[in-house]
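# Geometric and topological summary
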Amino acid sequence: MTMSWSDAVTESTRKPTRQPRPSYVPPHLRHSGSSYGYGSSTESAQYGFRSSYTGPGRQPGRAGTARGGRGRGRGGRFWAQQPQNPSPDLNPSDNVSEKFDQLKVTEEDSNGGINFDAYEDIPVEASGADIPPPVDTFHEIDLGECLNHNIKTRCKYVKPTPIQRHAIPVVMAGRDLMACAQTGSGKTAAFCLPIISGVLNNNSLGRSPTRGGAHTVCPTALILSPTRELAGQIHDEAKKFAYQSGVKIVVAYGGAPISQQFRHLERGVDILVATPGRLVDMIERSRVSLRMIKYLALDEADRMLDMGFEPQIRRIVEQMDMPCPGARQTLLFSATFPNEIQRLAADFLSNYIFLAVGRVGSSTDLIAQKIEFVEDMDKRSHLMDHLHSQQANGSHGKPALTLVFVETKRGADALENWLCMNGFPAIAIHGDKVQMERERALRSFKCGSAPILVATDVASRGLDIPHVAHVINFDLPKGIDDYVHRIGRTGRAGNSGLATAFFNDKNQPLAKGLIELMQESNQEVPSWLNEYAEGSQTYSSGGGGGRSQRSGGSRFGGYDFRRSAQSGRESYYGPSSYGYGDCSVGTSAASYNDATVPYGYGNYETIVAGGWE
Ligand SMILES: Nc1ncnc2c1ncn2[C@@H]1O[C@H](COP(=O)(O)OP(=O)(O)OP(=O)(O)O)[C@@H](O)[C@H]1O
């Protein structure tokens, strides 16, 4: 019988398995065996310590939050000296246990057990001209026998998720697309499946025609990803979908030997999944030409077009030999799409459809969010409380995985060391680690030999790791969109998850955005956070800010920036700057609830037809 995660959590919380604490093992020798249990040399360190948590507050009293005399510099020695018996009351971890009890995570190995019904009532908004209607089943889409077979038997997808229902027909109809859907809602398949199908129908399978030197390959489709790990994951997924179809999919990312990737390319490539840096390198060495590209997909598109990546992306898309918008199909996907990025993205698109499934940049209701007031100096002890409380939470003999986000690479290493010294099997991942270490860290985390992953934002986007039960924002990010992506590592594919954030004065600029996000996803907002939001008005144009300012402020939130431009709602996206001024586009958008209006595109098409093009 399958035991639900919540049952397992409850069960395991009752009967903690006490294990002797291993002596300190240096990071490079860790995880050779799976010794889960957060053991420490003394039971006191393992179970015995609870702080007297008095709850967060902005009052002077907050100084007392969870300090219990523990300071940052006291390290493992101090833990070992703590009294053994936990005090059951007033501990933040108790709330965590409660939250864990409420989680409904089905521990099916196949995706068939995923509760995608959770997304059924999700609002969907589409804008653009001549929007193809959505489908209800994979069979309604003409993906071909092979793909349908793989979807069913290899992936065990029973029915398409809302983003797939709406996006796949758009892509199959040859349209450009900017699509925004919540984390973990199946965007990868939404762009991979129609691309693979299009490549299959393109009749150029595996030809990889060459240009210039005999070694130059010309893929039909290019999928770009901001991180190596995500590129690898998309590659794996795409290969599953394309199994035995004859479509050749190759991945290229930095940090791995380029010669090996060249060898893979030489065997033929229809779809290239790449990170921008490695791709530019390959193009400059004349090993890849983009002249045959028919499909360009940017996963985590808002990240790809922000300041960090934009020049590289422009170079690849506009300054190499890639066909222009209109001559290729461009697909942009993310869970967040700030207006300024939508504006930039429009340069890459032609007559595109904007699709918002759920609110743009919202988190799913499946993630229980908790914000705790914790001063910097108390963060480690709070973290430890949380880890203690959930140490046995897991099922099928697997620990519940916890992802801890920190701000800096150094911070990640330091926290990893500190946790390990205190008997917590943690491993860090960040951009300064060599690729092999990064991959090893992910592997150890996924298989549970290191069930605590301390990460920078390198792990915040796209990674689909099953059984991440808890995301802890040890350091909150600067922007609310990053927060959305981080917490989206849990509560994926219809499952529930828990996200805890440590908040203090430094995070004030984020308060407003956090409150809006939490309210949108039906979360309880702590009253003290409102005080911060009120005080943060002056910060609102800063990095955190209110979400409404960034997403057009619509009630629904899924807001196509072209409509703001048209209506002049936001002066900084005014019509004159972006060329939408002449269009007679209706400013009212239809939003559709799948459950009630499955094919309700008629009105809006009438409104926009001929408007933008
Ligand atoms: N139709 C489906 N039926 C069942 N499971 C699905 C379906 N589509 C996708 N999944 C599964 O859902 C999980 C999340 O999908 P995916 O990683 O594509 O989400 P995402 O929307 O890209 O998330 P993020 O915004 O974090 O990148 C994956 O494990 C995937 O295999």
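Just so you know, these numbers come straight off a predicted model, no measurement behind them.

Rules of the game
Residues numbered from 1 in each chain as written. Predicted model: local features only at pLDDT ≥ 70, side-chain atom pairs only at ≥ 80, totals over all residues. Heavy atoms only, no water. Helix = DSSP H or I, 4+ residues; strand = E, 2+ residues; numbered from the N terminus. Buried < 20%, exposed > 50% of the residue type's maximum accessible area, 1.4 Å probe, protein only. Contact = heavy atoms within 4.5 Å. Areas by Shrake-Rupley, 256 points an atom, 1.4 Å probe, with all protein chains shown as cover. Polar contact = N/O pair within 3.5 Å; in protein donor to acceptor, adjacent residues only side chain to side chain. Pairing = 2+ DSSP bridges. Axes fitted to C-alpha atoms, helices over the stretch in contact; angles between N-to-C directions. Near = heavy atom within 4 Å. Nonpolar A, V, L, I, M, F, W, Y, C, P; charged D, E, K, R; others polar. Domains from an automatic or database assignment. Right-handed = clockwise from strand over helix to strand, strands pointing away. Phe/Tyr/Trp six-rings, centres within 6.5 Å; stacked < 30°, edge-to-face > 60°. Lys NZ or Arg CZ within 6 Å of the ring centre and 35° of its normal. Buried area = accessible area lost by both parts, 1.4 Å probe. Salt bridge = Lys/Arg side-chain N within 4 Å of Asp/Glu carboxyl O. Parallel < 35°, antiparallel > 145°, perpendicular 65-115°, else oblique. Left-handed = near helix turned anticlockwise from the far one by under 90°.

## Things to note about the overall build of the protein
Per the secondary structure count, the protein includes 23 helices and 17 strands. Counting the 613 residues in the protein, one finds 60% classified as buried. A fraction of 78% describes how many contacts in the protein between residues 6 or more apart in sequence connect residues 24 or more apart. For the protein, the accessible area works out to roughly 23,400 Å², and carbon and sulfur atoms hold 49% of it.

## Things to note about the side chain of glutamine 435
Assignment of secondary structure puts glutamine 435 in helix α16 (residues 435–447). At 3.4 Å, the side chain of glutamine 435 and the side chain of glutamate 229 are in polar contact. Discounting residues that sit within four places of it in the chain, glutamine 435 has contacts with Arg228, Glu229, Tyr253, Gly254 and Gly255.

## Digging into the sheet that holds strand β16 (residues 497–503)
The parallel open sheet is built from 6 strands, whose spatial order is β9-β16-β15-β12-β14-β13. Looking at strand neighbours, the two that pair on one side only are β9 (367–373) and β13 (426–429), the edges of this open sheet. Averaged over all pairs of adjacent strands, the angle between strand axes in this sheet comes to 20 degrees, irrespective of strand direction. Across 5 bridges, strand β12 (residues 401–405) lies against strand β15 (residues 468–473) in parallel orientation. By the bridge assignment, leucine 401 is partnered in β15 with valine 468. Helix α19 (residues 527–535) contacts β9 and β16 of the sheet and is inclined by roughly 75 degrees relative to β9.

## Looking at the site of the ligand
In the vicinity of the ligand lie 23 residues, with Tyr157, Lys187, Thr188, Asp464 and Arg492 positioned nearest. Take glutamate 300: an N or O atom from its side chain is 3.3 Å from an oxygen atom of the ligand. With respect to the ligand, the side chain of arginine 492 contributes an N or O atom lying 2.7 Å from an oxygen atom. Calculation on the ligand without its partners gives an accessible area of 640 Å², and the protein chains cover 96% of this total. Of the residues in the shell around the ligand, the class split is 6 nonpolar, 10 polar and 7 charged. Looking at the shell around the ligand, you find at least three residues from each of domain 1 (116–205 + 214–357) and domain 2 (367–536).

## Let's talk about unusual backbone geometry
Despite not being glycine, lysine 156 has its phi angle at roughly 60 degrees, a positive value. Its place among the elements puts lysine 156 in the loop between α5 (145–154) and α6 (162–172). Classification of lysine 156 as partly exposed rests on a relative accessible area of 38%.

## Structural notes on the pairing of β13
Here β13 shows a buried face lined by Ala426 and Ala428 and a second buried face lined by Ile427 and Ile429. Across 4 bridges, the pairing between β13 and strand β14 (residues 452–455) is parallel. If you follow alanine 428 over to β14, its bridge partner there is valine 454. Of the crossover connections in this fold, the one passing from β13 over α16 to the parallel β14 is right-handed.

## Let's talk about the packing of aromatic side chains
Counting across every chain of the model gives 8 aromatic pairs. For the ring pair phenylalanine 373 and tryptophan 528, a centre distance of 5.7 Å and an interplane angle of 85 degrees mean the geometry is edge-to-face. Placement of the pair is phenylalanine 373 in strand β9 and tryptophan 528 in helix α19, with a sequence separation of 155 residues. Since its relative accessible area comes to 0%, phenylalanine 373 is described here as buried. The class for tryptophan 528 is buried, based on a relative accessible area of 6%. The rings of Phe373, Phe503, Trp528 and Tyr532 are connected pair by pair, giving a single aromatic cluster. Lying across the ring of tyrosine 243, arginine 154 places its NZ or CZ 3.6 Å from the centre. When the ring centre of phenylalanine 262 is taken as reference, the NZ or CZ atom of arginine 287 above it lies at 4.0 Å.

## Things to note about the side chain of threonine 500
Counting through the fold element by element, threonine 500 comes out in strand β16. Engagement of the side chain of threonine 500 in a polar contact is seen with the side chain of histidine 470, the distance being 2.6 Å.

## Focus on the domain arrangement of the protein
Splitting the protein by domain gives domain 1 (116–205 + 214–357) and domain 2 (367–536). Using only C-alpha atoms to locate each centre, domain 1 and domain 2 end up separated by 28 Å. Listed by partner, the interface residues are 20 residues for domain 1 and 19 residues for domain 2. With both sides pooled, the region where domain 1 packs onto domain 2 buries about 1,600 Å², and carbon together with sulfur makes up 51% of that total. Looking only at domain 1, the three residues that lose the most surface to domain 2 are Thr183, Glu229 and Gln233, adding up to 35% of its buried area. Counting across the domain 1 and domain 2 interface gives 3 salt bridges.

## Quick word on the packing of helix α17 (residues 480–487) against helix α18 (residues 511–520)
Running from amino to carboxyl end, α17 crosses α18 at an angle of 45 degrees, the nearest separation of the two axes being 9 Å. Taken as axis vectors, α17 and α18 run oblique relative to one another. Between α17 and α18 lies a crossing of right-handed hand. Each of Ile480, Tyr483 and Val484 in α17 lies in contact with α18, whose residues at this interface are Gly513, Leu514 and Leu517. In terms of residue class, the contact of α17 with α18 is made up of 5 nonpolar, 1 polar and no charged.

## Details of the pairing of strand β4 (residues 249–252)
Residues Ile249 and Val251 point to one face of β4 and Val250 and Ala252 to the other, with burial holding for every one of them. With 4 bridges joining them, β4 and strand β5 (residues 271–274) adopt parallel strand pairing. Paired with valine 250 across the bridge in β5 is leucine 272. Once the chain exits β4 it traverses helix α9 (residues 258–266) before rejoining the sheet at β5, and the crossover so formed is right-handed.

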